[in-house]
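Observations on chain architecture
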Amino acid sequence: MRGDLSAILFLLLLAFSVAIFNSYNGSGTSSAALSYFRLTPVTMSARAPTDSAPATMHAPAPTDPANATMSAPAPADSIVAPMPESAPVPVPESAPEIPNVMPSTVSNASAIAVGILWAQLTKVSIFFLHRSTRKSRGSGVEMSRLEKLEEGLARSRAAIRRAALERNYTSWKRQGFVPRGPIYHNSYAFHQSYIEMEKRLKIWIYREGEPPIFHDGSSMGLYSIEGHFIQEMDKQRLPFITNDPEQALLYFLPFSVERMVRFFYKKGSTVNVVKLISVVISDYVQVVANKYQYWNSSNGADHFMVACHDWAPKATVKEEVVRSLIRVICNANISEGFNPIKDAPLPEFNFMFHLPTVVRVPSPPSSKRMLAFFAGGNHGSVRKFLFEHWDGKDPQIQIFEHLAIGQNYKEYMMNAKYCLCPSGYEVASPRLTESILAGCVPVPISDGYVLPFSDVLDWSEFSVPIPVQKIPKLKEILINIPEHTYLKLQANVMKVQKHFVINDPPKRFDVIHMLFHSIWLRRLNLRLYD
């Protein structure tokens, strides 16, 4: 009996080890997908750089988000990009079935032994990755820069998978804040991914270009998160920034679309400003691609830009040269070319003389007498539809285009149970972040908007998204939410505030670090080959 059990365990271990070895070396796939983030695997071959290589894009067209599904298994070393909000919330997968290599007469003791073995099998992947790497080095074949980076990412993917399955995390340093609770799709996967990001993420910033269009941006106003991020990158006080481009996983293009608009746009002019912005971006890419090897090595798939101005998507969506570029943009509208597989949503803020902060003394839920509140310009089709149905129609739903002198915007938000966040000219709105920081349950009203950090955060646990066509039924929807459900939503708003706070200097898990994590996931979701 002992001999039979040993043979069974050996066969199981051998089969599993071969699968792990193949997955790390790019051949074969695992029977289970890393479905804890909403991503779809992307694989690209890196071109060998040449001095005469033009900075053109030949990457495959991005996957249509509308056709992306959660049913097909993805490779084990991939993670998942955010799906449209209509997609079902992914559920952590169960352990794959153990291959049926056991004889039918195996005793209960043997089955228990196999079960214990499976609990440890996920740890074998790191061992065999180490063995295969050591063998390659021992044979005299030096690993390339890209191979070393991809090896580290493979280890991170394995660690994330193991953390999700074992519902724990692995870290060499003491963890202060530990994300847990229903506001995350999978808190264990997110936490381990964040730890891996802190361990491996390195970003190199291109130095070409002069302020104010490059290496600068507005720190006040509606698009100020764009300038704030660019300025924070240039301060180089974050551990993710490296001065050695050979060590970088990602490369940052430090131009400001908001500054370009301010420079080019003249009222009454017939100049096509969007086209001018496209030309500037394309020219900048040509400059850095001709000077350095890194753009041509990946077709720009490991490069990213950050922009909040409404015209940023229009200036980049049809440009062939930046087709594979990771775009971190506020106007995350699927209908306008936003691709949640490679692009990341940027939360919009309206900085007024100082950084937005959490309301220090939020109103208790029991004191909120107003059902819903909104104040903002009546522009864009969504807001016009909202004003048409609810402006002055019901005392429980307070809609204002302008607040009267003496009325306090924050007090209104604090005294409302729900804060309406309708799209304006574009899908993004600073009302979303303002309501969260005020402790008010946000009600996003838009179509095609990919909400910020939705690859990690489960917005259904702290907001009430409403499609535009349901605006006439707004009161019916909100008033029929049970009180205990509202209290849960509001409590979760208070918990998620941590991820929407802007600190100076940035702190772990705040909005700047969450942006880095969104960008990290897009790189983690990408496999580059020499």
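Above this text you will find the structure in question.
A short tour of the structure in this document, coming up. (Residues numbered from 1 in each chain as written. Predicted model: local features only at pLDDT ≥ 70, side-chain atom pairs only at ≥ 80, totals over all residues. Heavy atoms only, no water.)

We now examine the overall build of the protein. The secondary structure content of the protein amounts to 16 helices and eleven strands. Considering the protein as a whole, with its 530 residues, one finds that 55% of them fall into the buried category. The long-range fraction of contacts in the protein, counting pairs at least 24 apart against all pairs at least 6 apart in sequence, stands at 75%. Total accessible area on the protein stands at roughly 23500 Å², and carbon and sulfur atoms take up 56% of it. (Helix = DSSP H or I, 4+ residues; strand = E, 2+ residues; numbered from the N terminus. Buried < 20%, exposed > 50% of the residue type's maximum accessible area, 1.4 Å probe, protein only. Contact = heavy atoms within 4.5 Å. Areas by Shrake-Rupley, 256 points an atom, 1.4 Å probe, with all protein chains shown as cover.)

The subject of this paragraph is the state of the cysteines. Within this structure, the stated rule accounts for two disulfides. Residue Cys-308 pairs covalently with Cys-330 via a disulfide, S to S 2.1 Å. What sets the handedness of the Cys-308 and Cys-330 disulfide is the S-S torsion sign, and at about -100° it is left-handed. Separated by 22 residues along the polypeptide, Cys-308 in the loop between β4 (303–307) and α10 (312–316) and Cys-330 in the loop between β5 (326–329) and β6 (344–345) bring together distant segments of the chain. With a sulfur-sulfur separation of 2.2 Å, Cys-419 is cross-linked through a disulfide to Cys-440. Note on the Cys-419 and Cys-440 pair: the S-S dihedral is about 110°, so by sign convention the disulfide is right-handed. Of this pair, Cys-419 sits in strand β9 (residues 416–422) while Cys-440 sits in the loop between α13 (431–437) and β10 (441–445), placing them 21 residues apart in sequence. Among the cysteines of the protein that take part in disulfides, numbered as they appear in the sequence, the pairing is 1-2, 3-4. (Disulfide = S-S within 2.5 Å.)

Their axes nearest at 8 Å, the elements helix α4 (residues 145–166) and helix α5 (residues 187–200) cross at an angle of 155°. By the criterion of interaxial angle, the relationship of α4 to α5 is roughly antiparallel. The hand of the α4/α5 crossing is right-handed. Note on element contacts: α5 touches α4 through Tyr-188, Ala-189, Gln-192, Ser-193, Glu-196 and Arg-200, opposite Gly-152, Leu-153, Arg-155, Ser-156, Ala-159, Ile-160, Ala-163 and Ala-164. Of the residues that constitute the contact of α4 with α5, the class distribution is seven nonpolar, four polar and three charged. (Axes fitted to C-alpha atoms, helices over the stretch in contact; angles between N-to-C directions. Parallel < 35°, antiparallel > 145°, perpendicular 65-115°, else oblique. Left-handed = near helix turned anticlockwise from the far one by under 90°. Nonpolar A, V, L, I, M, F, W, Y, C, P; charged D, E, K, R; others polar.)

Reading across from one edge, β8-β7-β9-β10 is the order of the four strands in this open sheet, with parallel pairing throughout. Of all strands in the sheet, those with a lone pairing partner are β8 (397–400) and β10, marking the two edges. Taken over all neighbouring pairs, the strand axes of this sheet differ in orientation by 25° on average, direction set aside. Bridge count between β9 and β10: five bridges; the pairing is parallel. Across the sheet, the residue bridging to Tyr-418 is Val-441, located in β10. Contacts between helix α11 (residues 381–390) and the sheet are confined to β7 (370–375), β8, β9 and β10, with β8 contributing the most and set at about 125° to the helix. The sheet contacts of helix α15 (residues 483–496) involve β9 and β10, and relative to β10 the element is tilted by about 95°. (Pairing = 2+ DSSP bridges.)

Between side chains of opposite charge, pairing is possible as soon as their charged atoms come close. On inspection of all chains with the given rule, the structure shows 24 salt bridges. As a salt-bridge pair, Glu-150 and Arg-523 come within 2.9 Å of each other at their nearest N and O atoms. With Glu-150 in helix α4 and Arg-523 in helix α16 (residues 511–524), this pair connects stretches of sequence that are 373 residues apart. As a salt-bridge pair, Glu-151 and Arg-155 come within 3.1 Å of each other at their nearest N and O atoms. (Salt bridge = Lys/Arg side-chain N within 4 Å of Asp/Glu carboxyl O.)

Right, let's get into α11. Of the positions making up α11, those classed as buried are Val-382, Arg-383, Leu-386, Phe-387 and Trp-390. In an axial view of α11, the angular spread of the buried residues amounts to 130°, which keeps them on one side of the axis. Exposed side chains of α11 directed beyond 90 degrees from the buried face belong to Ser-381 and Glu-388. In this structure, the buried side of α11 is in contact with β7, β8, β9, α13, β10 and α14 (474–479). The positive-phi residue at the C-terminal boundary of α11 is Gly-392, with phi of around 70°. (Arc of directions from axis to C-beta.)

Overall, parallel pairing links the five strands, which are arranged β2-β3-β4-β5-β6 in an open sheet. Strands at the two margins of the open sheet, each flanked by one partner only, are β2 (203–205) and β6. Here β5 pairs with β6 via two bridges, running parallel. Residue Ile-329 lies in a different strand from β6, and its bridge partner there is Pro-345.

Two elements in contact, helix α7 (residues 257–264) and helix α8 (residues 273–291), have axes whose closest approach is 10 Å; the angle formed by their N-to-C orientations is 125°. The orientation of α7 relative to α8 falls into the category oblique. The two elements α7 and α8 meet at a crossing, and its hand is right-handed. Contacts between α7 and α8 involve Val-257, Met-260, Val-261 and Phe-264 from the former and Val-273, Leu-276, Ile-277, Val-280 and Ile-281 from the latter. Across the contact of α7 with α8, the residue classes break down as nine nonpolar, no polar and no charged.

Of note, the bond from Pro-211 into Pro-212 is cis; its omega dihedral lies within 30 degrees of zero at 10°. Secondary-structure assignment places Pro-212 in the loop between β2 and α6 (224–235). Residue Pro-505 is bonded to the preceding Asp-504 through a cis peptide linkage, with omega at 0°. The backbone phi angle of Asn-299 is positive, close to 60°, even though this residue is not glycine. Along the chain, Asn-299 falls in the loop between α9 (294–298) and β4. Overall, Asn-299 belongs to the buried group, its relative accessible area being 5%.

On to the side chain of Gln-175, then. Position of Gln-175 among the secondary structure elements: in the loop between α4 and α5. Taking relative accessible area as the criterion, Gln-175 reaches 9% and is therefore assigned buried. In terms of polar contacts, Gln-175 uses its side chain to reach the side chain of Arg-508, at 3.1 Å. Not counting the four nearest positions on each side in its chain, Gln-175 is found in contact with Tyr-169, His-191, Ile-195 and Arg-508. (Polar contact = N/O pair within 3.5 Å; in protein donor to acceptor, adjacent residues only side chain to side chain.)

A word on the nonpolar core. Counting 119 residues, the largest nonpolar core has Phe-229, Phe-304, Tyr-418, Leu-420, Leu-478 and Phe-516 as the members making the most contacts within it. If you tally residues by element for this core, the top one is α16, at nine residues. Filtering out sequence-adjacent residues up to four positions away, Leu-420 remains in contact with Ala-372, Phe-373, Phe-374, Leu-386, Ile-397, Ile-399, Arg-431, Val-443, Ile-445, Leu-474 and Leu-478. (Core = buried A, V, L, I, M, F, W, Y, C linked by side-chain atoms within 4.5 Å.)

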